[in-house]
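Each chain is listed here by its residues.
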Amino acid sequence: MTMPAQTEQSAKPANDLAGKTAEADDGLRHDWTREEVEALLALPFNDLIFQAQTVHRKWFDPNEVQKSTLLSIKTGGCPEDCGYCNQSAKFDTGLSASKLMEVQKVLEGARRAKEAGASRYCMGAAWRNPKDRDMEAIVAMIKGVREMGMETCMTLGMLSPEQTIRLKEAGLDYYNHNIDTSEEYYKEIVTTRTYQDRLDTIQRVQEAGMNVCSGGILGMGESQSDHAGMLQTLANLTPHPQSVPINMLMQVKGTPLGESKEIDPIDFVRTIAAARIMMPKSVVRLSAGRENMSEETQALCFLAGANSIFIGEQLLTTKNPAKEKDDAMFGKLGLKPMPAHRCPSEI
């Protein structure tokens, strides 16, 4: 793997708050305290961005951004009550439930995504957990996308140990399972599963030897301390999630969080920067919510260390910027696509 040139300054761990020896001198820690993370988020903005950009340049080409595409392979009818999600069967959002897509239709979508510049193809199903009868089709989707030379990612809900092993054997690169928010605030958002349920699935994925994609959502009425708690949980996982999506809530009418107060864009950028500092080798994805972000906000997120986005006009069931708009932004900022398997922490 060819990494960007490092200056003497950029080769040093950037977080002056830690005060502890980094593992193997690579800047990785798994022992963050809540107080440390809150202090990090409260730094003067310029200092925080400088630290994040310094870390970013150590591990990544600062002008490369990974392009991923997300497809809903099974929409609606989910029995969970996640307060942000219009796919829950418990809320009246006007979304109809569908069956699992046919394998060939999924692969056709992957081909179009690759032609549009995506290097990772993410497939999501609105399940609490997959049924064993669906695993054969899931495996076929994974193998088909891998044959195209793309990274594969799936989010299917909670997994049994047997299902986890089967996904690994199929060659799945990444499994997405977000923790959403801090452990304390989680019960305000979801009641049909526990925070520990999510962590158990992440642990199974890690033990099976797959890369983890896990992050959270900002703008659900939580506090900045909850942002710190979410980041603390993620950064104290061993290893760190190889992919960390940070979402800005897309308010959907009919969901309990449909009228939540929007998060301040600067607070959002601060969370991106802290994620970059705390998980230096991970890809940090500027995920859902870009449709409502200004170009300037997105540019600040890239400056803060975000280096992954979803492309395509649909994110599961919500809007995303059009390709032409993203292409224009990339050109204006001098950004280029990140090739597949460029993440330095990828297994």
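Anything mentioned here points back to the structure above.
Residues numbered from 1 in each chain as written. Predicted model: local features only at pLDDT ≥ 70, side-chain atom pairs only at ≥ 80, totals over all residues. Heavy atoms only, no water.

S.K.: Explain the pairing of strand β1 (residues 64-74) to me, please; I cannot follow it from the model alone.
M.R.: If a strand is regular, its side chains alternate between the two faces of the sheet. In terms of residue burial, β1 counts as a mostly covered element, since 10 of its 11 residues are buried. When β1 meets strand β12 (residues 336-337), the two strands line up parallel, connected through 2 bridges. When the sheet's bridge partners are listed, Val65 is paired in β12 with Pro337. The sheet contact formed by β1 and strand β2 (residues 120-125) spans 6 bridges and is parallel. Directly across from Ser72, in β2, lies its bridge partner Gly124. (Buried < 20%, exposed > 50% of the residue type's maximum accessible area, 1.4 Å probe, protein only. Helix = DSSP H or I, 4+ residues; strand = E, 2+ residues; numbered from the N terminus. Pairing = 2+ DSSP bridges.)

S.K.: So what exactly am I meant to see when it comes to the packing of helix α1 (residues 34-41) against helix α8 (residues 224-235) here?
M.R.: The description of two packed helices rests on the angle between their axes and on the distance between the axes. Where α1 contacts α8, the axes come no closer than 9 Å and their chain directions differ by 120°. Between α1 and α8, the interaxial angle falls into the category oblique. Between α1 and α8 lies a crossing of right-handed hand. Along its contact with α1, which presents Arg34, Val37, Glu38 and Leu41, the element α8 presents Gln224, Ser225, His227, Ala228, Gly229, Leu231 and Gln232. A breakdown of the residues in the contact of α1 with α8 according to their chemical character gives 4 nonpolar, 5 polar and 2 charged. (Axes fitted to C-alpha atoms, helices over the stretch in contact; angles between N-to-C directions. Parallel < 35°, antiparallel > 145°, perpendicular 65-115°, else oblique. Left-handed = near helix turned anticlockwise from the far one by under 90°. Contact = heavy atoms within 4.5 Å. Nonpolar A, V, L, I, M, F, W, Y, C, P; charged D, E, K, R; others polar.)

S.K.: Please clarify how the side chain of Thr297 should be interpreted in this entry.
M.R.: Mapped onto the elements, Thr297 comes out in helix α10 (residues 295-303). If we skip the residues at most four places from it in the chain, Thr297 touches Pro265 and Val269.

S.K.: Is there a simple way to think about the packing of aromatic side chains in this case?
M.R.: The geometry of an aromatic ring pair is captured by two quantities: the separation of the ring centres and the angle between the planes. Using the criterion set out here, one finds 1 aromatic pair in the structure. Judged by centre distance (5.3 Å) and plane angle (70°), the ring pair of Tyr186 and Tyr195 falls under edge-to-face. Each member of the pair, Tyr186 as well as Tyr195, is classed as buried. Across from the ring centre of Tyr174, 3.7 Å away, lies the NZ or CZ of Arg120, which sits over that ring. Residue placement shows Arg285 over the ring face of Phe310; its charged tip is 4.5 Å from the ring centre. (Phe/Tyr/Trp six-rings, centres within 6.5 Å; stacked < 30°, edge-to-face > 60°. Lys NZ or Arg CZ within 6 Å of the ring centre and 35° of its normal.)

Just distances and angles here, no functional claims.
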